[in-house]
Amino acid sequence: MAHQQQQPQKRRQDLKRKECAFCEKETQYIDWKDYPLLKTHVDYFGNIRKRYLSGTCLQHQKMLRLSIERARFMAMLAYRK
Amino acid sequence: MNPVSAASPEVLDDEVTARIYEVAVLLPYPMGQKEEHQAIKEIENIFKEAGAREVSKDVWGQRGLAYTIKGSNEGNFIIYHQEINPSKVREIDTALRIVPGVLRHIVVTPPKGYRIVKYSESYEVWLKERESAGEKTKREREEEIQKSIADKAKRQVKREKTAKAETPTEVVSKEEISKKLDQLISDDSIEI
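Residues numbered from 1 in each chain as written. Chains lettered and ligands numbered in written order. Predicted model: local features only at pLDDT ≥ 70, side-chain atom pairs only at ≥ 80, totals over all residues.

This paragraph deals with the overall build of chain A. Across its full length, chain A carries four helices and zero strands. Sequence-ordered secondary structure for chain A, helices as α and strands as β, is α-α-α-α. The buried share of chain A, taken over its 81 residues, is 22%. (Helix = DSSP H or I, 4+ residues; strand = E, 2+ residues; numbered from the N terminus. Buried ≥ 20, exposed ≤ 12 C-beta atoms within 10 Å, placed from the backbone.)

Close reading of the predicted structure is inappropriate where its pLDDT is low. Taken over all residues, the pLDDT of chain A has a mean of 88, while the share at 70 or more is 93%. By mean pLDDT, the top-scoring element of chain A is helix α4 (residues 58-73) of chain A (96), and the lowest-scoring one is helix α3 (residues 51-54) of chain A (89). (pLDDT = per-residue confidence, 0-100.)

Here we take up the sheet that holds strand β1 (residues 19-28) of chain B. What links the strands of a sheet is backbone hydrogen bonding, and the strands pair in either a parallel or an antiparallel sense. Residues and elements named next belong to chain B. With respect to topology, four strands assemble into an open sheet ordered β2-β3-β1-β4, the strand pairing being antiparallel. On the outer flanks of this sheet lie β2 (53-69) and β4 (104-108), each paired with one strand and no other. With direction set aside, neighbouring strand axes in the sheet form an average angle of 20°. One ladder, built from five bridges, connects β1 with β4; its direction is antiparallel. Paired with V25 across the strands is H105, a residue of β4. Contacting β1, β3 (72-84) and β4, helix α2 (residues 89-98) runs over the sheet at an angle of about 170° to β4. (Pairing = 2+ DSSP bridges. Axes fitted to C-alpha atoms, helices over the stretch in contact; angles between N-to-C directions. Contact = placed C-beta atoms within 7 Å.)

Okay, the interface of chain B and chain A next. Residue-level contacts link 16 residues of chain B with 14 residues of chain A. Take the side of chain B that touches chain A: its biggest share by element is four residues, from β2(B). Of the residues contributing to the side of chain B that touches chain A, the split by class is 14 nonpolar, one polar and one charged. (Nonpolar A, V, L, I, M, F, W, Y, C, P; charged D, E, K, R; others polar.)

Right, let's talk about the nonpolar core for a bit. With 31 residues, the main nonpolar core has A71(A), M74(A), A24(B), V25(B) and V107(B) as its most contacted residues. Elements with a contribution of two residues or more to this core: α4 of chain A together with β1, α1 (33-49), β3, α2 and β4 of chain B. The element contributing the most residues to this core is β1(B), with six residues. In this structure, M74(A) is in contact with A24(B), L26(B), R104(B) and I106(B), ignoring residues within four places of it in sequence. (Core = buried A, V, L, I, M, F, W, Y, C linked by C-beta atoms within 7 Å.)

Quick look at the packing of α1(B) against α2(B) now. Residues and elements named next belong to chain B. Axis separation between α1 and α2 bottoms out at 10 Å; the angle between their running directions is 160°. Considered as vectors, α1 and α2 are oriented roughly antiparallel to each other. The element α1 and its partner α2 pack so that their crossing is right-handed. Contact residues: α1 offers I43, I46 and F47, while α2 offers I92, A95 and L96. Here the residues of the contact of α1 with α2 are counted per class, giving six nonpolar, no polar and no charged. (Parallel < 35°, antiparallel > 145°, perpendicular 65-115°, else oblique. Left-handed = near helix turned anticlockwise from the far one by under 90°.)

Here the focus is the pairing of β1(B). Residue and element names in this part refer to chain B. Most of β1 is tucked away, with eight of its 10 residues classed as buried. Of the pairings in the sheet, the one linking β1 to β3 comprises 10 bridges and is antiparallel in character. Its bridge partner lying in β3, A24 is registered against I79.

A word on the pairing of β2(B). All names here are of chain B. Here 11 bridges tie β2 to β3, and the two strands are oriented antiparallel to one another. Each residue of the ladder has a partner; that of D58, found in β3, is I79. The turn linking β2 back onto β3 is made up of two residues, and K70 within it adopts a positive phi angle of 50°.

Moving on, we get to the environment of V25(B). Residue and element names in this part refer to chain B. Its location among the elements puts V25 in strand β1. Considering only alpha carbons, one finds V25 and Y80, 55 residues apart in sequence, at a separation of 8.2 Å. If sequence neighbours within four positions are ignored, V25 has contacts with I43, I78, L96, V102 and H105.

Residue and element names in this part refer to chain A. For E26, which is not a glycine, the phi torsion comes out positive at approximately 55°. Structurally, E26 can be placed in the loop between α1 (21-24) and α2 (35-40). You will see that A75, though not glycine, has its phi angle at about 65°, which is positive. As for its placement among the helices and strands, A75 is situated in the segment after α4.

Structural data, given as structure tokens:
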């Protein structure tokens, strides 16, 4: 049986790459005390929103993780709901 | 988690110049005034002993906690910005662990060019500005009703316009027609 070559999957043309919200503002440091900002990056269960959903770049996601962990330690944010 | 570990002890010498550190302390909220005073005094004494210079102090006041710590659901955050010699930071960290009444504490090294922001003020502004879920649904419902009323009014105006265009310009009533007919019949001058 002849092996059929698989054609490469076509990429959707209307897909738009998400841009990092922190890069637009040129954020250098994400403060752990900024509760209104951190709250938007945490879901209902207290998990940090994934990078591929929020569009945050790796550099800022790492900053965000650190500040969220600090806020959790100080009981500003929940570890788990 | 411990930010103090970021500064390695080998580098910490007395020669290193003092830099600004952020020290946050969490106290339980329903706390006796005397106990609170004593706790704050003890914390500030620790800074004094370490030869720290106070840059700013921000008291947040009553705040709800995300989880209970030692049976308290509410707390009072105090954020200090102190100029401390890096060699003394570990000393302060261990001393704060023993202070009675302190639920949590954290020592953070802010990055270069960090501007001190008083989050107690901005948080209150945010609390006022944000709308609750109930308010949001209420606003959305009102907007929907207003939109439907406006659409209805527009449709009515359009209907009236089309109706005007369809009807003839002069409308003669039945009475007028009958009057004219009577005149014509009674008129003798007309010969048929």
